[in-house]
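Chain and residue survey
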Amino acid sequence: MISISEGQKIGVGITGFGVFFILFGTLLYFDSVLLAFGNLLFLTGLSFIIGLRRTFSFFFQRHKLKATSFFLGGVALVLLRWPFLGMLLETYGFFSLFNWKQLEKRRDLLGSSKAKTEHRAPGQRLPS
């Protein structure tokens, strides 16, 4: 079993509150104060969970600088009370940081049900 330190437990709680405030701020028509508070809590909680050094090394890798600039630029725009544009930039940066396109390629390589049905002729049954 994985042991979690007290600081990491606090980080999970802080991150959870950050996600809650981001979702709640989005539901309240992009309330900039809630979104800004959620962003700050999320980043603080992440640094509690994985540590400051790992957080900086994750965000500032050479091949992730574009995604980091979009994500942190979105956070800055939310803090400057441009919530809609900031959340758009943040979302793009978040998905780019975690490289979702590569995950989709891996899923297709493993074989999804959609890929299996595309190559089937009408009326043809799948081999069992």
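Since the model is a prediction, treat every value here as computed from it, not as a measurement. Throughout, residues of each chain are indexed from 1 in the direction in which the sequence is written. Where local features are concerned, this predicted model is filtered to residues with pLDDT of at least 70; where side-chain atom pairs are given and counted, the filter is 80 or more; whole-chain, interface and lining totals use all residues. Neither water nor hydrogens contribute to the side-chain values; these are computed over all heavy atoms in the structure.

1. Focus: the overall build of the protein
Per the convention used, a helix needs a DSSP run of H or I reaching at least four residues, while a strand needs a run of E reaching at least two, with both numbered from the N terminus. Helix and strand counts for the protein stand at seven helices and zero strands. Put simply, the protein runs from its N terminus to its C terminus through helices and strands in the order α-α-α-α-α-α-α. For the protein, the proportion of its 128 residues judged to be buried stands at 27%. Where accessible areas are quoted, they stem from the Shrake-Rupley method and a 1.4 Å probe; at the residue level, only the protein chains shown are allowed to cover. A total accessible area of about 9800 Å² is found for the protein, and carbon and sulfur atoms account for 68% of it. Three labels apply to residues, based on accessible area from a 1.4 Å probe with only protein chains included: buried if under 20% of the type maximum, exposed if over 50%, partly exposed otherwise in between.

2. Describing the UniProt feature "transmembrane region" (unreviewed entry) in the protein
UniProt positions are given in the numbering used here, feature names are shortened, and annotations may be inferred rather than shown by experiment. When the UniProt feature table is mapped onto this chain numbering, "transmembrane region" (unreviewed entry) sits at residues 12-30, 36-56 and 68-89. Structurally, residues 12-30 comprises 84% helix and 0% strand, and the distance from its first C-alpha atom to its last is 24 Å.

3. Examining the pattern of salt bridges
The working definition used for a salt bridge is a side-chain nitrogen of Lys or Arg within 4 Å of a carboxyl oxygen of Asp or Glu. This structure, assessed with the given rule, holds one salt bridge. Between Glu 6 and Lys 9 there is a salt bridge, with the nearest N and O atoms lying 3.5 Å from each other. Of this pair, Glu 6 and Lys 9 are both found in helix α1 (residues 6-27), three residues apart, which corresponds to roughly one turn of the helix.

4. Here we look at helix α2 (residues 32-50)
Between its first and last C-alpha, α2 extends 27 Å over 19 residues, near the 27 Å set by a 1.5 Å rise per residue. Note on contacts: a residue pair qualifies if any of its non-hydrogen atoms lie within 4.5 Å across the two residues. Close packing links the buried residues of α2 with α1, α3 (52-59), α4 (65-79) and α5 (83-97). Residue Gly 51 follows α2 closely and has a positive phi angle near 95°. Expected span, for any helix, means 1.5 Å times one less than how many residues it has.

5. Side note on α5
Here α5 is 15 residues long and its end C-alpha atoms lie 20 Å apart, about the 21 Å a rise of 1.5 Å per residue gives. Residues of α5 that are buried: Pro 83, Gly 86, Met 87, Glu 90, Gly 93 and Leu 97. In a view along the axis of α5, the buried residues occupy a sector of 130°, so they form one face of it. Buried residues along α5 sit in contact with α1, α2, α3 and α4. What the arc describes is the spread of directions from the helix axis to the C-beta atoms.

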